[in-house]
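# Tertiary structure, described
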Amino acid sequence: MPTIAGPSSSPQKHVVGSRSEIIGGLRSAEVNTSRKRKLRSDSAAEVAATTVLSGNLISTPMKWKSPRRCAVSIPKTSNEEIKEDSNGKLTSPVISAVKNLSVCLDVKSKWNPRDDDQMKAVKEALHVSKAPSTVVCREDEQRRVFEFVKGCMEQKKAGSLYICGCPGTGKSLSMEKVRQQAEDWAKQAGLPCPETVSVNCTSLTKTTDIFSKILGNNESGKKANGSSSPLQQLRSLFSQKQQQSSSKMMLIIADEMDYLITRDRGVLHELFMLTTLPFSRCILIGVANAIDLADRFLPKLKSLNCKPLVVTFRAYSKDQILRILQERLVALPFVAFQSNALEICARKVSAASGDMRKALCVCRSALEILEIEVRGSIDQEPQGPAPEGQVVKMDHMIAALSKTFKSPVVDTIQSLPQHQQIIVCSAAKAFRGSKKDRTIAELNKLYLEICKSSMITPAGITEFTNMCTVLNDQGILKLSHARDDKLKRVSLRVDEADITFALKEIRFFRNCLL
Amino acid sequence: MAATPSSKAKTFQSPNKTPTNMYRKSYLSPSSTSLTPQTPETLTPLRRSSRHVSRKIDLGNDPIDLPGRESIQEINLTPRKRTTDVVAETLTTPKTKKKKKIDVEASFSPISPNRSETITKKKKKKKRVYYNKVEFDETEFEIGDHVYVKRREDANSDEEEEDPEIEDCQICFKSDTNIIMIECDDCLGGFHLNCLKPPLTDVPKGDWICQFCVVHKPPPLQGKKLAKRTMREKLLSGDLWAARIEKLWKQEVVDGGCVYWIRARWYIIPEETVSGRQRHNLKRELYLTNDFADIEMECVLRHCFVKCPMEFSKASNDGDDVFLCEYEYDVHCHSFKRLAQLVDGDSDSDQEWNGGKEKEIDSDDEEESVCADSKSKRGLTGVNTKGRIFGVEKVGTKRIPEHVRCYKKNELEKAKATLLLATRPKSLPCRSKEMEEITAFIKGSILDDQCLGRCMYIHGVPGTGKTISVLSVMKNLKAEVEAGSVSPYCFVEINGLKLASPENIYSVIYEALSGHHVGWKKALLFLNERFAEGKRIGKENEKPCILLIDELDLLVTRNQSVLYNILDWPTKPNSRLVVLGIANTMDLPEKLLPRISSRMGIQRLCFGPYNHMQLQEIISTRLKGINAFEKTAIEFASRKVAAVSGDARRALEICRRAAEVADYRLKNNNKTAKSQLVIMADVEVAIQEMFQAPHIQVMKSVSKLSKIFLTAMVHELYKTGIAETSFDRVATTVSSLCLTHGEAFPGWDILLKIGCDLGECKIVLCEPGEKHRLQKLQLNFPSDDVAFALKDNKDFPWLANYL
């Protein structure tokens, strides 16, 4: 983590150092890169002009290393302060966040979107693969899972836990943290460190492979006897009393557990049954999206009294998304996003899905919009001074959001070829009032009527079917599967109002739709 | 690779002992097989190993050993090839050899006095004479041959050394050609059968490993052994190169001599690939590259034989210079591609093609005839090989011979050729915005020194240039990689349609990245290690990887785990994977499980259908420089297509068809027409053909009775208003129609048969014929279509009354 934590503290030093550095920067022809950055951090306008000029003189390869260098050389004191600040006010995240940001605004240096290094750092901070050091907003869930694991480890008894939640709510990430926590705790408490098996069930080629994976981790040294299956070996392992010394706990984390559901649910059942065996030492944590996986697929478990505990990861609320975004960005030595831009992003995403991945993607695409804008302005005046306050603002974010969430139906309909528009039009007419679906032949009849009434040569029936398939691909119509083309059922998948709106500009269609 | 050669016997016996042994001729070495007339004179090149000689004899004695296809081809080719044999000597002095090609070209033009005017006009710039086959230094080299090539730097040192043709026995350190030598499958050392302890009498079946390798101890080295390394050893240790001859030509130089050049396509040893030598690489494995170089014949040492795995497993007795090549290695993208199995089949077709295209000169004695009789032919067939792009050439592709070289194409024919869908356009108009976006996306992902995995979904209706845009972006990027402005990356292209099952994509990806084919389960394991856990395949796989998946929607399995895995990798740290998915459906991400669409991100790119302006531009760019179409004709075609589908393929097809129609029309009119252009009427005809459903044509051409039958059905439909009718009633109507208009009623049996026939054509939907008169019938097409088809009928004008 030092690489991330480090830069956050650097601006203070920059500010302190900048005064003296200005002279140095102006004086020396070959400007050190770190100096250059410090120069830029000063907000005085007249200095900004000179820095850009001198910045242009510096050869690019020197730039690459600079953030790292800063990170290594700077003590971490200020970073801790900031963290305390954010942790101290957990109860009111919004206020703390806003305050946090305002603190940052005071402290942090100006951001220059033209600097590749800075841009790269922001993009990296916003990337999905970059795991944050602390998982904020999931402390409660994490604690509950950890308590469970801890309890099991202390009592040396088996247990099972099921974690559910929507995609992008930090389940897998939290599990990873819990695993680390458990290992650390075991070390501190003097217990034998639990063996952990993290399996993503999608990467299994066969569902039953999970047992051999568990077993493989468990007894890598011992030779497996060929006669019995991995499951049987596991069973026998857990049903006999082991000598105390070798009995380590085993922590099994099965991600995307619903991929283990087979027709008879055997694998899933057996997996949970492992925890009920008399000398079982495994702590099973299953992760999946479905909220009622255990109830639906494993009704038997209840009667055996080994029904797993359920921990639900709720979709993120807007405050939580905002906090997470700020947490990621606070590590950077500069401010790239306006606070209200982040807030609108958080609001929109939480209203739509609460998917953190989506929020990160939206932020990144807003950043790219800004990048394009900046590049355009450079093309116009390449030597111009760095514009003041070029951060991602509301309008960038709104553009990115609309790119993501806006339904493209109207645009799509408007860009369709005319004959396809006529088909959409006739479909709108056909489904007006009644929701009953029609066959392609019936739709074709309507289409021919419209064509005839407006003296257009209609396309043939084969062409018509092709066009319907294309419309199906574009998500405007829905075709059901049928052996015969003519018997396929058609239904409309977009709202009639959308069609009317999209086609109202064209007089021809206005008449048709009446 | 399963069929590794059992044990290779190195047979270095003298020719007179050969009949007993197991020489199999290798047909990858045409110099020794297919082309040599079996006359004593051609058997002379004795400087080379005795192996060659013995093989030739073997061929003569035992032609049944040849695969049938090969021998037939040989017979076909022999007469032609024999006349084209060129015997040439190196006249070049050392000084001229050093000359650069460019100098030669520049300095040559003054000295072409004895050429006819037409020749000089054509060959102003080119002084190359292309051959199919050249005898150089008493060895014949031919296109498609594999040769050892000297490395430049140590060229001098090699020249002094004498290349040992025959390997020494590892035990007695003598090279006795009379004793059978056996090769160790591990260290590739040769052993005399009777030097072994205990001595072997016969070559054992299966793998054989020498005692040295069994105890993991290198064999005792002798001083002279190091000096006398065989070429194979030099090649495998990187001191020599192997190459495939793609072209042979002679270039004259200032002082009257000429230098022979070859275009070499290099092979590389596994150590030189990005993944290094891996466990699965055989000792004799090489990779074919897409790297070409023009080198002088001087650098060529002698033949070697590179075979595909199937032949390699058969070639157990071909001596030391046999290598195996299973994969093509792309030196720019650092990816592997499995070669088509029939390397030989198409190398033959290549030869034919080259024969047609490139000039072969008939010259027996170079002193006299080089000038005299070869000139005229050369003039006729001066070939421009500059247009050939070697990068896109694949070993598996078969080229279409251009038959008539002298025939000059007219404008219409040129237009037809450029409008073919297979013709790759030089530029892609109307998609610059999308291409920019793709370029920005890829660059943004791979340019960072730490590549962040990302994913982009490209969708659009068919024929809107999705795949070709991505590919041309990749081509531009490749050029930038070569220029050094972009760091290198791997590029893997997969078409979902070409996968046997969705899961196979794992093994295809892994094979492209590592050059090793494994089952998909294993490949999934390896790929997970690489992308999810950050382990690397090979030594320096720090390069970002770009994965292009065409027809992404075909990877959707029941539980969608394939897509999940592929889209999950980019979200892992250190994956360095960029995924580009292409499909037709706009709402594929929404149709997928939420967890997958969440991982897919929000990068979407839509290729909308072309409008008529864009189609017009596309067609006109393709036809640039060819005056074959009226402007209105192009506009008409593009408007028609844009109104229905906006599919560029369709528009090109219509234009091509229109050109064909126009060609036909002009030929029939015997040039009476004033304009030679494609006019709107031609386009109209083409559109009619393409858009009009085939059922109208079928109905127009059915028999007379069937027409009456159909008319009766339409009449019945009008009368009752019910779509479904019974055979009984139709028959009654038919009989009444016949009666009124004086036609003979054919009888029920025949009428029933007609009904069934129409049912087979699906013009009529009908129940099976057993029901006879109760059979239910229904028109499959709108009655208007039937009426339209039958209206103007010459035979029965009265039919129109009932329609």
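Residues numbered from 1 in each chain as written. Chains lettered and ligands numbered in written order. Predicted model: local features only at pLDDT ≥ 70, side-chain atom pairs only at ≥ 80, totals over all residues. Heavy atoms only, no water.

- The name that an unreviewed UniProt entry assigns to chain B is Origin recognition complex subunit 1, with the source organism given as Arabidopsis suecica.
- Turning to chain B, the UniProt record has this under Subunit (unreviewed entry): "Component of the origin recognition complex (ORC) composed of at least ORC1, ORC2, ORC3, ORC4, ORC5 and ORC6. ORC is regulated in a cell-cycle and development dependent manner. It is sequentially assembled at the exit from anaphase of mitosis and disassembled as cells enter S phase. Binds unmodified and methylated histone H3."
- In its Function (unreviewed entry) section, the UniProt record describing chain B reads: "Component of the origin recognition complex (ORC) that binds origins of replication. DNA-binding is ATP-dependent, however specific DNA sequences that define origins of replication have not been identified so far. ORC is required to assemble the pre-replication complex necessary to initiate DNA replication." (UniProt positions renumbered as here; feature names shortened; annotations may be inferred.)

- Chain A goes by Cell division control protein in an unreviewed UniProt entry, where it is assigned to Arabidopsis suecica.
- Checking UniProt for chain A, the heading Subcellular location (unreviewed entry) contains the comment "Nucleus".
- As its UniProt record puts it under Sequence similarities (unreviewed entry), chain A is described as follows: "Belongs to the CDC6/cdc18 family."

## Re the sheet that holds strand β4 (residues 282–288) of chain A
Residue and element names in this part refer to chain A.
- Here we have 5 strands laid out as an open sheet, ordered β2-β3-β4-β1-β5, and parallel in their pairing. Two strands lie at the open edges of the sheet, namely β2 (195–200) and β5 (309–313), each paired on one side alone. Averaged over neighbouring strand pairs, the angle between their axes works out to 15° when direction is ignored.
- As judged from the 5 bridges shared by strand β3 (residues 250–255) and β4, these two strands associate in the parallel manner. Within β4, the residue paired with Leu251 across the bridge is Ile283. (Pairing = 2+ DSSP bridges. Helix = DSSP H or I, 4+ residues; strand = E, 2+ residues; numbered from the N terminus. Axes fitted to C-alpha atoms, helices over the stretch in contact; angles between N-to-C directions.)

## A closer look at the sheet that holds strand β8 (residues 489–492) of chain A
Residue and element names in this part refer to chain A.
- Overall, antiparallel pairing links the 3 strands, which are arranged β6-β8-β7 in an open sheet. Where the open sheet ends on each side, the last strands, each with one partner, are β6 (438–439) and β7 (477–479).
- Inspection of the sheet shows β6 paired to β8 by 2 bridges, in the antiparallel sense. Within β8, the residue paired with Thr439 across the bridge is Arg489.

## Description of the confidence of the model for chain A
- Looking at chain A as a whole, the pLDDT averages 73, with 72% of positions reaching at least 70.
- Under a pLDDT of 50 for its full length, residues 220–224 of chain A has, in the predicted model, 1 contact with residues more than four places off or in other chains. (pLDDT = per-residue confidence, 0-100. Contact = heavy atoms within 4.5 Å.)

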